[in-house]
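This is what each chain is made of:
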Amino acid sequence: MIASIDAHVRLDTHPTHPSAVQAHLTGTQAHAASTALEAAGWSAAATGILVLARIDHEEPYWAADAAQHLTAEGITVEITPRLQEAIDEEWTWPNYPMPWCTRSKIREVSDHAQKIHDDIRNGHLLIHAHAHDGHTTVAVGTYLHQGGKSVYLHGEDHLRQIADTFDSPAEALVAFENAHAAEMRPGPAPLTDTERAATAARSVFDVTTAKLEPSRPEPEAVPIYLADAGDHDALLGTFLDTHGEFEKWRTWSDETTHAIHESQTLRIERVHETQARETAWIVAAYETPVSDRMWHLTATSATPAPVLQNLLNHLADGDGWDTVIGVPVGERAVTTATHPLTEAGWKHTLTGHGIRWTSPDGQAGVRFDPLTAQAPQNPATWTIWAGPDPDRPTWAITASPHTPSSLLADLSESLAHETGTRQPQPGREHRTRLAASAPAAPAVTAGRPASRSR
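In this convention, every chain numbers its residues from 1, walking through the sequence in written order. Where totals are concerned, whole chains, interfaces and linings use all residues; where local detail is concerned, this predicted model gives features only for residues with pLDDT of at least 70, and gives and counts side-chain atom pairs only at 80 or more. By convention in this description, side-chain values take in all heavy atoms of the structure and omit both hydrogens and water.

Visitor: Tell me about the overall build of the protein, and please be specific about residues and values.
Guide: The way it works is that DSSP assigns letters per residue, a run of H or I at least four long becomes a helix, a run of E at least two long becomes a strand, and they are numbered from the N terminus. Looking only at helices and strands, one finds 11 helices and 22 strands in the protein. Sorting the 454 residues of the protein into buried and exposed places 46% on the buried side. Whether two residues are in contact is decided by their heavy atoms: any pair within 4.5 Å suffices. For the protein, restricting intrachain contacts to residue pairs at least 6 apart in sequence, the fraction spanning at least 24 positions comes to 56%. Working definition of accessibility: Shrake-Rupley area with a 1.4 Å probe, residue cover restricted to the visible protein chains. When the accessible surface of the protein is totalled, it reaches about 23400 Å², and 52% of it is carbon and sulfur. Three labels apply to residues, based on accessible area from a 1.4 Å probe with only protein chains included: buried if under 20% of the type maximum, exposed if over 50%, partly exposed otherwise in between.

Visitor: So what about the sheet that holds strand 4 (residues 49-52)? Which residues, and what values?
Guide: Paired strands are those between which DSSP finds at least two bridges. The mixed open sheet is built from five strands, whose spatial order is 3-4-2-1-5. Whereas interior strands pair on both sides, the edge strands pair on one side only; in this sheet they are strand 3 (43-46) and strand 5 (76-79). Shown here is a sheet whose adjacent strand axes are inclined to one another by a mean of 30°, direction ignored. Bridge count between strand 2 (residues 21-26) and strand 4: four bridges; the pairing is antiparallel. Within strand 4, the residue paired with Ala23 across the bridge is Leu50. Helix axes use the C-alpha atoms of the stretch in contact, all axes being lines fitted to C-alpha atoms, and the angles between their N-to-C directions lie in the range 0 to 180 degrees. Here helix 3 (residues 81-88) sits on the sheet and contacts strand 1 (8-13), strand 2 and strand 5; the angle it forms with strand 1, its principal contact strand, is near 65°.

Visitor: Requested: an account of helix 2 (residues 59-72), with residues and values cited.
Guide: A helix is expected to span 1.5 Å multiplied by its residue count minus one. Spanning 14 residues, helix 2 covers 20 Å between terminal C-alpha atoms, matching the ideal 20 Å at 1.5 Å per step. When we look at burial in helix 2, the residues that qualify are Glu59, Pro60, Ala63, Ala64, Ala66, Ala67 and Leu70. For helix 2, the angular spread of the buried residues around the axis is 160°, confining them to a single face. Exposed positions of helix 2 whose direction lies more than 90 degrees from the buried face are Gln68 and His69. Looking one or two places after helix 2, you find Gly74, whose phi comes out positive at around 90°. Summarising the geometry, the arc corresponds to the directions from the helix axis toward the C-beta atoms.

Visitor: So, the side chain of Asp12: which residues are in play, and what are the values?
Guide: Secondary-structure assignment places Asp12 in strand 1. For Asp12, a relative accessible area of 2% corresponds to the buried category. Within the structure, the side chain of Asp12 is placed 2.7 Å from the side chain of Arg82, a separation counted as a polar contact. Setting aside residues no more than four positions away along its own chain, Asp12 makes contact with Val21, Gln22, Thr80, Arg82 and Leu83. A 3.5 Å cut-off defines polar contacts: any pair of N or O atoms within that distance qualifies, except that in protein one atom must be a possible hydrogen donor and the other a possible acceptor, and neighbouring residues in sequence count only when both atoms are side-chain atoms.

Visitor: Can you explain the packing of aromatic side chains? Please cite residues and give values.
Guide: When the centres of two rings from Phe, Tyr and Trp lie within 6.5 Å, Trp using its six-membered ring, the rings pair. Their planes under 30 degrees apart give stacked, over 60 give edge-to-face, and anything left gives tilted. Counted by the stated rule, this structure contains six aromatic pairs. Here Tyr152 and Phe176 contribute two aromatic rings whose centre-to-centre distance is 5.9 Å and whose plane-to-plane angle is 55°, an arrangement assigned as tilted. One end of the pair, Tyr152, is in strand 8 (residues 150-154); the other, Phe176, is in helix 5 (residues 169-180), and 24 residues separate them in sequence. Each member of the pair, Tyr152 as well as Phe176, is classed as buried. Aromatic side chains Phe368 and Trp382 sit 4.8 Å apart centroid to centroid with 45° between the ring planes, which places their arrangement in the tilted category.

Visitor: Account for the environment of Ala198, with residues named and values stated.
Guide: Topologically, Ala198 is positioned in helix 6 (residues 193-203). Classification of Ala198 by relative accessible area gives buried; the value is 0%. Between the alpha carbons of Ala198 and Ile55 there is a distance of 6.7 Å; along the sequence they are 143 residues apart. Among residues more than four places away in sequence, those in contact with Ala198 are His17, Ala53 and Arg54.

Visitor: So what about the pattern of salt bridges? Which residues, and what values?
Guide: Note on definitions: salt bridges are taken to be side-chain nitrogens of Lys or Arg within 4 Å of carboxyl oxygens of Asp or Glu. According to the stated counting rule, one finds 15 salt bridges in the structure shown. For Arg82, the salt bridge identified is with Asp12, shortest N-O distance 2.7 Å. Separated by 70 residues along the polypeptide, Arg82 in helix 3 and Asp12 in strand 1 bring together distant segments of the chain. With a shortest N-O distance of 3.9 Å, Arg121 and Asp118 are connected by a salt bridge. Taken together, the positions of Arg121 and Asp118, both in helix 4 (residues 103-121) and three residues apart, correspond to about one turn of that helix. Relative accessible area serves as the criterion here: at 19%, Asp118 is assigned to the buried category. What emerges from the salt-bridge pattern is a single network uniting Arg10, Asp12, Glu78 and Arg82.

Structure below.
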């Protein structure tokens with residue numbers, strides 16, 4: 001006789017996704033049910049709630065399968081009437097490209113596609129490049145386990161298959177480039193509507209859990225240079241979603257992500273998991289895809305999100321990437337870059353390191369070092385910072401001599417006139433009179449879940 005486990009699982013349809021399933025867990029041994037469900041591909045969405053959201057719309061079938069396994073382990077399972085109706089429903093894919101397949105065979109093909117999707121999502125299958133072959137998406141990647149097998153993938157969503165295998169990433173990439181050189185793009189393809197819907201289904205309960213957390217004080221408006229750093233990864237994600245001319249490229253490790261312009265002459269590198277004062281962003285511009293850098297800048301991990309937002313917006317506008325190199329940085333370029341600061345009354349002083357502009361409250365500044373301007377690749381001819389001084393900054397942006405004046409002027413304009421928000425901290429005061437509020441960064445909106453075909 002199977003020993004009873006003090007765990008109860010209630011399986012129900014998802015509140016927003018047309019085919020996803022949710023599991024509500026209770027009992028002193030609910031962790032046993034949670035472990036079993038997660039091993040079967042369910043995702044924890046909130047305390048005591050798991051979600052099964054697949055790209056093949058077969059969630060009711062696999063929920064019934066999970067119910068059988070849980071019951072066999074001595075866990076009590078309840079299936080709501082509306083989920084039971086979905087489990088009993090007979091449906092098929094319209095215009096399925098393999099009409100000879102039985103319903104069970106179609107489900108088997110879909111499950112293989114789901115496993116590929118999960119391997120990509122969980123970081124087990126690294127996608128090097130993708131392309132469109134005129135009919136569907138194709139890709140090449142390498143499993144980071146299974147002995148490092150490289151694969152050629154054909155199709156999207158429930159039709160994605162492994163069409164070929166290779167002994168090494170180099171062999172796979174060469175074959176892929178030979179077949180798809182004109183259409184080849186770095187990294188994985190953008191998510192399909194179905195993939196976006198599944199992602200949204202797994203996170204829909206975040207709002208519910210947030211309501212259970214203690215309320216936080218309302219953020220306060222501050223000069224932009226004192227704003228919170230925010231979520232830099234989300235900022236880059238939004239930027240890539242809204243600017244298709246930039247391709248995302250993930251390196252072999254999870255430490256960095258690259259965003260490369262379609263011209264291959266502007267590259268943005270985001271370094272993840274850095275400390276507040278360490279470099280988290282590197283922007284570099286090139287005259288041609290194979291030439292030396294014309295200019296570059298860096299930003300530390302604590303740089304306020306609205307400052308980075310303005311920087312990315314300038315890069316996306318494509319205004320002033322190129323610059324005159326091979327000539328000294330003149331007075332006109334410096335004046336153009338710092339004119340907004342002068343107009344706003346920032347204090348202008350000469351120091352041993354060059355020229356410094358300091359905000360009226362003394363908490364931010366911009367420095368130009370004319371001595372380093374003679375070395376084109378010097379990383380810190382320009383320093384923009386907030387904190388006690390540029391040698392002990394809370395955050396800093398550094399830029400090489402030939403960084404476009406228009407870009408620096410945009411940053412100066414935002415520092416002089418825009419505001420952001422920060423979460424209040426006990427004992428922290430702010431006495432500076434604020435300018436008009438800066439526009440809010442665009443929100444990331446999840447795509448609408450795809451309807452289930454019948």
